[in-house]
Amino acid sequence: MSSQTSSHKPRVAVVFGGRSSEHAISVLTAGAVLRAIDREKYDVLPIGITTDGRWALTADDPDRMAITDRRLPSVAELAESAEGGVVLPVDPTNREVVYSEPGSVPKALGEVDVVFPVLHGPYGEDGTLQGLLELSGVPYVGSGVLASAVGQDKDYMKRVFASFGLPVGPYEVIRPREWEQDPAAARKKIVDFAGEHGWPLFVKPARAGSSMGISKVDDLSGLDEAIEEARSHDPKILVESLLRGREIECGVLEFEDGPRASVPAEIPPVTAHDFYDFEAKYIDSATGIVPAPLTAEQTAKIQELAVAAFEAASCEGLVRADFFLQDNGEFVINEINTLPGFTPISMYPRMWQESGVSYPELIDRLLQAALRRSTGLR
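All figures in this text were calculated on a predicted structure; none of them were measured in a lab.

**Examining the overall build of the chain**
Reasoning step 1: From N to C terminus, the chain includes 12 helices and 16 strands.
Reasoning step 2: Expected size for 378 residues packed as a compact globule is a radius of gyration near 21 Å; at 21 Å, the chain falls within 12% of this value.
Reasoning step 3: Along the three orthogonal principal directions, the C-alpha set of the chain runs to about 65 × 50 × 45 Å.
Reasoning step 4: Looking at the chain residue by residue over its 378 residues, the buried ones come to 55%.
Reasoning step 5: Considering only contacts in the chain between residues 6 or more positions apart, those separated by 24 or more positions represent 66%.
Reasoning step 6: When the accessible surface of the chain is totalled, it reaches about 16000 Å², and 50% of it is carbon and sulfur.
Reasoning step 7: In the chain, 36 positive and 57 negative side-chain charges are present, and the distance between their average locations comes to 2 Å.

So, in structure tokens, the structure goes:
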């Protein structure tokens, strides 16, 4: 960290937006974080990344970072300038953030002690931003480069979980070259998978989140459209069989003595949507059941699995682990999110609220955990 006196408040750069399809969700999350962060304990510098990758200085105005009349917010609307850019030096001896505009003298914005990245998806949650912060020597909230990359790529995530003995459902991967060079063979691979595991299938981007680009495919007629939809978000796609059962989530948070699991939550079936998709999550305000109506044994099991997934992927800070409780009573891990949403209706904060950790305390614990860690190998 930069040198501090007893009166110095740690300076937090809240970085949000980004180039992924989850740009708007990141802005929503940033609004919630900015509203809840303890300003008597931390100084705050909001930095938005536009959809084209420009780092912009933005207003510290959470009220503008919200869904208004079903319209999603963006960094471009929040930026103080259409051209100005923020630069974080890639130099571990210098944490001076600089702001510049064309034709103007660059302006120093002061040093940053810790970064709170609330970006979701590629170019933020996938290890790329984490690598930049490692090079800059700035501590940051959440997982490091490896865990972030594993947590973003559902293919390798499942491979890691399986290697640690965690229960994973059936899936198939179609890599970019497979579809581009021989779509008929790739399609047959999926049809053969359906022949073994049955329809319907879920076709999804391998490296996206917030239910972006996911399609439920009931038969062969809808397959090509689903593949193109998934590939519009990511050229690498994942195909999963339908797991019949209940959707259960569990939060993991890093405490001083290690990771702990929250009470779990259940995502009930949504009647207006085919599955828990983007619209159900963010536009129509779907609500989960917290805590999930599980037996004590089931609750203990999912908490054990959630922490095991956190450790298997070498995560830090926080994780939301998503499971299916199958009709046969067995849990299957679907995925982890290393930077889960913090919107007012997001499940991760709600699970910890029910576990006795308020939203402001949750933010504080994440920042303190980041400030305790060094950058580099650890």
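**What to know about the pairing of strand β13 (residues 258–261)**
Reasoning step 1: Note that strand β12 (residues 245–255) and β13 share four bridges and pair antiparallel. Across the sheet, the residue bridging to Glu254 is Pro259, located in β13.

**What to know about the side chain of Lys158**
Reasoning step 1: Mapping Lys158 onto the fold places it in helix α5 (residues 154–163).
Reasoning step 2: The buried category is assigned to Lys158, whose relative accessible area is 3%.

**Some details on the sheet that holds strand β9 (residues 201–205)**
Reasoning step 1: Reading across from one edge, β8-β11-β9-β10 is the order of the four strands in this open sheet, with antiparallel pairing throughout. The open sheet has two edge strands with one neighbour each: β8 (171–174) and β10 (215–217). The average angle at which neighbouring strand axes cross in this sheet is 25 degrees, direction not considered.
Reasoning step 2: Where β9 and β10 come together, three bridges link them in antiparallel fashion. Across the sheet, residue Phe202 finds its bridge partner in β10, namely Lys216.

**Quick look at the pairing of β9**
Reasoning step 1: Of all five residues that make up β9, five are buried, and the element is covered over most of its length.
Reasoning step 2: Two strands pair when backbone bridges link them, and β9 and strand β11 (residues 237–241) are joined in this way by five bridges, in the antiparallel orientation. Residue pairing for β11: Leu201 is matched across the bridge by Ser241.

**Here we look at the packing of helix α7 (residues 183–197) against helix α8 (residues 223–231)**
Reasoning step 1: At their nearest, the axes of α7 and α8 sit 12 Å apart, and the two run at 110 degrees to each other. Here α8 runs roughly perpendicular to α7, going by the angle between their axes. α8 is crossed by α7, and the crossing has right-handed handedness. Every residue of α8 that contacts α7 at Arg187, Ile190 and Val191 is listed here: Leu223, Asp224 and Ile227.

**What about the nonpolar core?**
Soluble globular proteins tend to bury their nonpolar side chains together.
Reasoning step 1: Within the largest apolar cluster, 36 residues are counted, with the highest numbers of intra-cluster contacts made by Val14, Phe116, Phe342 and Leu367.
Reasoning step 2: Among the secondary structure elements, those contributing two or more residues to this core are β1 (11–17), α1 (23–36), α2 (75–78), β7 (114–117), β12, α11 (347–354) and α12 (359–372).
Reasoning step 3: For this core, the leading source of residues is α12, giving seven residues.
Reasoning step 4: Excluding anything up to four places from it in sequence, Phe116 contacts Val12, Ala13, Val14, Val15, Val33, Val141, Ile363, Leu366 and Leu367.
Reasoning step 5: Val252, Ala292, Ile302 and Ile336 belong to the second largest nonpolar core, which has 25 residues in total.

**Topic: the pattern of salt bridges**
Reasoning step 1: Counted by the stated rule, this structure contains 30 salt bridges.
Reasoning step 2: With its nearest N and O atoms 3.0 Å apart, the salt bridge here joins Asp153 to Lys236. Taken together, the residues Asp153 in the loop between α4 (145–152) and α5 and Lys236 in the loop between α8 and β11 connect sequence positions 83 residues apart.
Reasoning step 3: Asp153 gets classed as buried once you look at its relative accessible area, which sits at 9%.
Reasoning step 4: With relative accessibility at 4%, the residue Lys236 sits in the buried group.
Reasoning step 5: Measuring nitrogen to oxygen at the nearest pair gives 3.3 Å for the salt bridge that ties Arg260 to Asp257.
Reasoning step 6: Relative accessible area serves as the criterion here: at 61%, Asp257 is assigned to the exposed category.
Reasoning step 7: Salt bridges here are not isolated pairs; linked through shared partners, they connect Glu134, Glu254, Glu316, Arg373 and Arg378.

The rules behind the values
- Residues numbered from 1 in each chain as written.
- Predicted model: local features only at pLDDT ≥ 70, side-chain atom pairs only at ≥ 80, totals over all residues.
- Heavy atoms only, no water.
- Helix = DSSP H or I, 4+ residues; strand = E, 2+ residues; numbered from the N terminus.
- Rg over C-alpha atoms; globule rule 2.2 N^0.38 Å.
- Buried < 20%, exposed > 50% of the residue type's maximum accessible area, 1.4 Å probe, protein only.
- Contact = heavy atoms within 4.5 Å.
- Areas by Shrake-Rupley, 256 points an atom, 1.4 Å probe, with all protein chains shown as cover.
- Lys, Arg positive; Asp, Glu negative; His and termini not counted.
- Charge placed at Lys NZ, Arg CZ, Asp CG, Glu CD.
- Pairing = 2+ DSSP bridges.
- Axes fitted to C-alpha atoms, helices over the stretch in contact; angles between N-to-C directions.
- Parallel < 35°, antiparallel > 145°, perpendicular 65-115°, else oblique.
- Left-handed = near helix turned anticlockwise from the far one by under 90°.
- Core = buried A, V, L, I, M, F, W, Y, C linked by side-chain atoms within 4.5 Å.
- Salt bridge = Lys/Arg side-chain N within 4 Å of Asp/Glu carboxyl O.

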